[in-house]
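Coordinate inspection notes
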Amino acid sequence: MASLSRALRVAAAHPRQSPTRGMGPCNLSSAAGPTAEKSVPYQRTLKEGQGTSVVAQGPSRPLPSTANVVVIGGGSLGCQTLYHLAKLGMSGAVLLERERLTSGTTWHTAGLLWQLRPSDVEVELLAHTRRVVSRELEEETGLHTGWIQNGGLFIASNRQRLDEYKRLMSLGKAYGVESHVLSPAETKTLYPLMNVDDLYGTLYVPHDGTMDPAGTCTTLARAASARGAQVIENCPVTGIRVWTDDFGVRRVAGVETQHGSIQTPCVVNCAGVWASAVGRMAGVKVPLVAMHHAYVVTERIEGIQNMPNVRDHDASVYLRLQGDALSVGGYEANPIFWEEVSDKFAFGLFDLDWEVFTQHIEGAINRVPVLEKTGIKSTVCGPESFTPDHKPLMGEAPELRGFFLGCGFNSAGMMLGGGCGQELAHWIIHGRPEKDMHGYDIRRFHHSLTDHPRWIRERSHESYAKNYSVVFPHDEPLAGRNMRRDPLHEELLGQGCVFQERHGWERPGWFHPRGPAPVLEYDYYGAYGSRAHEDYAYRRLLADEYTFAFPPHHDTIKKECLACRGAAAVFDMSYFGKFYLVGLDARKAADWLFSADVSRPPGSTVYTCMLNHRGGTESDLTVSRLAPSHQASPLAPAFEGDGYYLAMGGAVAQHNWSHITTVLQDQKSQCQLIDSSEDLGMISIQGPASTEATIASSSLGPWLPKQQLRPLWPLKSWKPGEAWGCGLWIVDLVQMLCSSWPVGFKGILCRAILQEVLDADLSNEAFPFSTHKLLRAAGHLVRAMRLSFVGELGWELHIPKASCVPVYRAVMAAGAKHGLINAGYRAIDSLSIEKGYRHWHADLRPDDSPLEAGLAFTCKLKSPVPFLGREALEQQRAAGLRRRLVCFTMEDKVPMFGLEAIWRNGQVVGHVRRADFGFAIDKTIAYGYIHDPSGGPVSLDFVKSGDYALERMGVTYGAQAHLKSPFDPNNKRVKGIY
């Protein structure tokens, strides 16, 4: 049998020809189809007695005529979903498998389970999978799933990787996952065969392990069958029946197979690599690609028994214990695409491409040198499905009611299967999962992307290639960029804008003072014969962000933040989602959809949440009441009845659209939802210089009749006698007057930046906070809203696409003498957390209620008006909150990014959801939900009475808890009071 070292020599002597440069994506794939079956670790359990194809023999049992749910696909996710549906009491659940259970991609998977990942939700999902396979299934059925708990070892060969592992260790403490950071010497003691000469350290998780795919799926199927579910093998699905209801909504009607049909209102697509084909049967887009993924199984290795499984991320290789041998695999930068997925593929494999696989052999031999002389027993190269963001595809498809996805698991279907199967079952039965599954929800993708082959291919490739990369807080993709650009893109690019990508949108991240840094066409990192970009400014700036310390651009972002606090900043927010809800039933629909009272007079704007039936927060957004109009304009459609203008974060706009659409369909509302996100731009001007501040008291007029005042707040970088950087002269006398005169100082909205641009009175009386008007800006019609997302006096201008550039230029020209600058979303993140404003999917998620998040003011609980989620909130309020979102600040100036453990009186009570540095208060700020370890309610007294610390990379730092924002807690600045 060949050794690993010989395989290296053969690959070097016979290099595979690279595809012709410039031939395009078609050359990135293998034309070869599946080969004959190979020897694999699970041969005896899966292939015994298979013989000829059993599909021709017909289904393993007769098909029922009807079913409440039909699961398509008998792999890990299909079996887990069926089991959890049955366990939750769903009757009439049927699983259809075209061949035999696990015959697609599950049968050849490595079956590894690592408990720690850089996501709190995934840690919870993994914990459930582990409980199911290590304990619950065996207790329920008496069958062993093949679970082996031999531990897991993550290898760090550089400082940043070790820092990442320390972050995982701190997060694990919040979930009770035991882990230890080991020195190289301690690692050598644990794993004597390992080379530790180049290590910084390792992370050891003793309760990690492996699963037998065949044993697990067989046990799941038996457990589900015992609860009344049916598993039918050898029954390929050939079509999905669809019907359209009286409101024009497409719904699932049934499933067609080669052996008959089943009438059902619900289908779950768990078909793995074949999920796209099943989706096409129903007119549903499934954005995934199929790639070859390989590992080799070695001959016996003396001394390897009972060793932990190993992930050497920097070498992009894993070593799975296989009895007295190892399975060696990894993720390469040049994976082979499987272009034409065969529907006849079952228990088959591809020939291993040794040139592609060589890099994993080199990494494995470096880490465990004995492998150099170890023989190879078998090679395993099978298909796996991968997605554009390396996250699974789950939930109800937006194109078809009753059609659910449970696919695209990026080689993690076994370890995520239990947690995701449970959540998918809750989704089907109760309408929503129990946990926050937005990151997996198919509705996260904009519809323009899910059927865009280039975007799907590029992003899926990059996700595969970077699977083992360090997860840095401010990393950005290089693939699939410039898909959706707003009207100001080129204007801002020329001014040094460094863009971020959010679901196709390019949005301003921050502004580089040294000129443009455009995002170039994806170069596949030089793979497939592509030429890697040289002197790539954007990639260089991105590489500077690869740190868990303060990045080199920290001071640049600081300047943007302090300019907003002390003068003014303009933010391009055109990527925001912008919808109209109009029609005869619009008011009734709005009352039900929105937690706040939005039925106010036209011209009002309300900050509100949208909830699910469990009281969890599906969105936070602003809703502006419109006056009816029979004349359509670029800023409002013509409509009868009631109308509302909705604005929300662009990254979650598709999720909002799908949520609203689903609720409207369920309520059978006679109203229209219109998406104008691509038709309107939006800029926001925020800061004390957005208008001119003067003395509010006439008694001070003789003293300082027209002097401009500096903002009255403790900016540590300002010294008496200095002029403020925005161009306003500082009046040192102000502080003295404030201490002796019983007079308040209030910002009078006079002619300043916006007064020069807008044709309206901007005074408090004429244009109060939380209102909107149609105005002219530099001659162009705009919708002006007096709102703030950073805690300053300011306005949003919602602008027709064609008018965005001239209005932006007019604002910048007017603001030049007041110190107006551009600022991006990195500044927004800092400014908003400093003010205590929530970010959806960080501070707020579908499993967080507004009461827990400190947003009770957004809920109309004092009114009798029903709204979605109200009953759950009332029950929660009556029982007492079991957790509460708390703000923390630290005197130590260390960066935090989220996932840090929260300690209270020596006990871990939660973890940080979101953190950033607040430049105005000059402190690190963190928000996280805390619970009482005793299980009792978390009262305000409980919060105030604790002694807190935050753990960052294994080191704890003292922290102060706040019940209100530490910056401007009385909300004076948004009202113009400085």
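Residues numbered from 1 in each chain as written. Predicted model: local features only at pLDDT ≥ 70, side-chain atom pairs only at ≥ 80, totals over all residues. Heavy atoms only, no water.

The next thing to look at is the environment of Phe 594. Relative to the helices and strands, Phe 594 resides in the loop between helix H15 (586–593) and strand E27 (605–611). A relative accessible area of 0% places Phe 594 in the buried class. With 14 residues separating them along the chain, Phe 594 and Thr 608 place their C-alpha atoms 6.3 Å apart. Filtering out sequence-adjacent residues up to four positions away, Phe 594 remains in contact with Leu 581, Thr 608, Cys 609, Met 610, Leu 621, Val 623, Leu 646, Lys 860 and Phe 867. (Helix = DSSP H or I, 4+ residues; strand = E, 2+ residues; numbered from the N terminus. Buried < 20%, exposed > 50% of the residue type's maximum accessible area, 1.4 Å probe, protein only. Contact = heavy atoms within 4.5 Å.)

All chains considered together, the criterion is met by 51 salt bridges. Residues Arg 539 and Asp 523 are paired through a salt bridge, measuring 3.2 Å at the closest nitrogen-oxygen approach. Of the two residues, Arg 539 sits in helix H13 (residues 537–544) while Asp 523 sits in the loop between strand E24 (505–511) and H13, which places them 16 residues apart along the sequence. The partly exposed category is assigned to Arg 539, whose relative accessible area is 23%. (Salt bridge = Lys/Arg side-chain N within 4 Å of Asp/Glu carboxyl O.)

The next subject is the sheet that holds strand E3 (residues 93–96). A sheet is described by the order of its strands in space; here 6 strands give the open sequence E9-E3-E2-E13-E21-E20, paired in mixed fashion. Strand pairing shows two members of the sheet lacking a second neighbour, strand E9 (230–232) and strand E20 (393–396), which therefore form its edges. Adjacent strand axes in the sheet meet at a mean angle of 20° when their direction is disregarded. Here 3 bridges tie strand E13 (residues 267–269) to strand E21 (residues 403–407), and the two strands are oriented parallel to one another. Bridging from a neighbouring strand, Asn 269 pairs with Leu 405 of E21. Strands strand E2 (69–72), E3, E9, E13 and E21 of the sheet are contacted by helix H3 (residues 76–87), whose axis makes an angle of about 170° with E3. (Pairing = 2+ DSSP bridges. Axes fitted to C-alpha atoms, helices over the stretch in contact; angles between N-to-C directions.)

Glancing now at H3. Helix length check: H3, at 12 residues, gives a terminal C-alpha distance of 16 Å against a target of 16 Å (1.5 Å per residue), a fit within 8%. Counted residue by residue, H3 has 11 buried out of 12 residues, so it is predominantly covered. Three or more residues of H3 are buried, namely Ser 76, Leu 77, Gly 78, Cys 79, Gln 80, Thr 81, Leu 82, Tyr 83, His 84, Leu 85 and Ala 86. With its phi angle positive at about 95°, Gly 89 sits one or two positions after the end of H3. (Expected span 1.5 Å × (residues − 1).)

Taking burial as the measure, the 5 residues of strand E7 (residues 201–205) include 5 buried ones, the bulk of the element. Where strand E5 (residues 152–156) meets E7, 5 bridges bridge the pair, whose relative direction is antiparallel. Pairing of Gly 152 across the sheet is with Val 205, part of E7. Bridge analysis of strand E6 (residues 180–182) against E7 gives 3 bridges, and the strand direction is antiparallel. The partner of Leu 182 across the bridge, within E7, is Thr 202.

Sheet architecture is closed into a barrel: 6 strands sit in the order E36-E39-E38-E37-E40-E41, paired in antiparallel fashion. Geometrically, the sheet is characterised by an average inter-axis angle of 40° between neighbouring strands, direction not taken into account. Taken together, the 5 bridges between strand E40 (residues 948–952) and strand E41 (residues 955–962) define a ladder with antiparallel strand orientation. Considered in E41, the bridge of Glu 951 is made with Thr 956.

Enumeration according to the criterion identifies 30 aromatic pairs in this entry. Seen in terms of ring centroids, Trp 274 and Phe 345 are 5.9 Å apart; in terms of plane orientation they differ by 40°. Their pairing is tilted. Here the residue Trp 274 occupies a position in the loop between E13 and helix H8 (275–282), and Phe 345 occupies one in the loop between strand E18 (337–338) and helix H9 (354–367), the gap between them amounting to 71 residues. Accessibility assignment for this pair places Trp 274 and Phe 345 in one class, buried. By the ring-pair criterion, three or more aromatic residues cluster together here, those being Phe 337, Tyr 522, Tyr 524, Tyr 525 and Tyr 528. Stacked on the ring of Phe 337, the Lys or Arg Arg 457 has its end atom at 4.1 Å from the ring centre. Cation over ring: Arg 904 sits above Phe 942, and NZ or CZ is 3.6 Å from the ring centre. (Phe/Tyr/Trp six-rings, centres within 6.5 Å; stacked < 30°, edge-to-face > 60°. Lys NZ or Arg CZ within 6 Å of the ring centre and 35° of its normal.)

Another aspect to go through is the nonpolar core. In terms of nonpolar packing, the biggest core is built from 177 residues, with Phe 403 and Phe 571 touching the most fellow members. A per-element tally of this core places helix H10 (residues 413–430) first, with 8 residues. Excluding residues within four positions of it along the chain, Phe 403 makes contact with Ile 240, Val 252, Val 267, Asn 269, Val 278, Gly 279, Ala 282, Val 284, Gly 395, Glu 396 and Ala 397. One finds Ile 753, Ala 760, Val 807 and Met 812 within the second-largest nonpolar core, a separate group that totals 35 residues. (Core = buried A, V, L, I, M, F, W, Y, C linked by side-chain atoms within 4.5 Å.)

What follows is about the packing of helix H4 (residues 120–141) against helix H7 (residues 213–226). Put simply, H4 and H7 touch, their axes get as near as 10 Å, and they point 45° apart. Here H7 runs oblique to H4, going by the angle between their axes. When the axes of H4 and H7 are compared, the crossing they make is left-handed. Within the contact between the two elements, H4 uses Val 132, Val 133, Leu 137, Glu 140 and Thr 141 and H7 uses Thr 216, Thr 219, Leu 220 and Ala 223. Partitioned by chemical class, the residues of the contact of H4 with H7 number 5 nonpolar, 3 polar and 1 charged. (Parallel < 35°, antiparallel > 145°, perpendicular 65-115°, else oblique. Left-handed = near helix turned anticlockwise from the far one by under 90°. Nonpolar A, V, L, I, M, F, W, Y, C, P; charged D, E, K, R; others polar.)

Relative to the elements of secondary structure, Ser 595 occurs in the loop between H15 and E27. Here the side chain of Ser 595 touches Thr 858 through a polar contact of 2.8 Å, landing on its backbone oxygen. With residues up to four places along the chain from it excluded, the contact list for Ser 595 reads Thr 608, Cys 609, Leu 611, Thr 858, Cys 859, Lys 860 and Phe 867. (Polar contact = N/O pair within 3.5 Å; in protein donor to acceptor, adjacent residues only side chain to side chain.)

All right, on to the packing of H4 against H10 then. Two elements in contact, H4 and H10, have axes whose closest approach is 7 Å; the angle formed by their N-to-C orientations is 100°. By the angle class used here, H4 and H10 are roughly perpendicular. Each of Leu 125, Leu 126, His 128 and Thr 129 in H4 lies in contact with H10, whose residues at this interface are Met 414, Met 415, Leu 416, Gly 417, Gly 418, Gly 419, Cys 420, Gln 422 and Glu 423. Classifying every residue of the contact of H4 with H10 by side-chain character gives 6 nonpolar, 6 polar and 1 charged.

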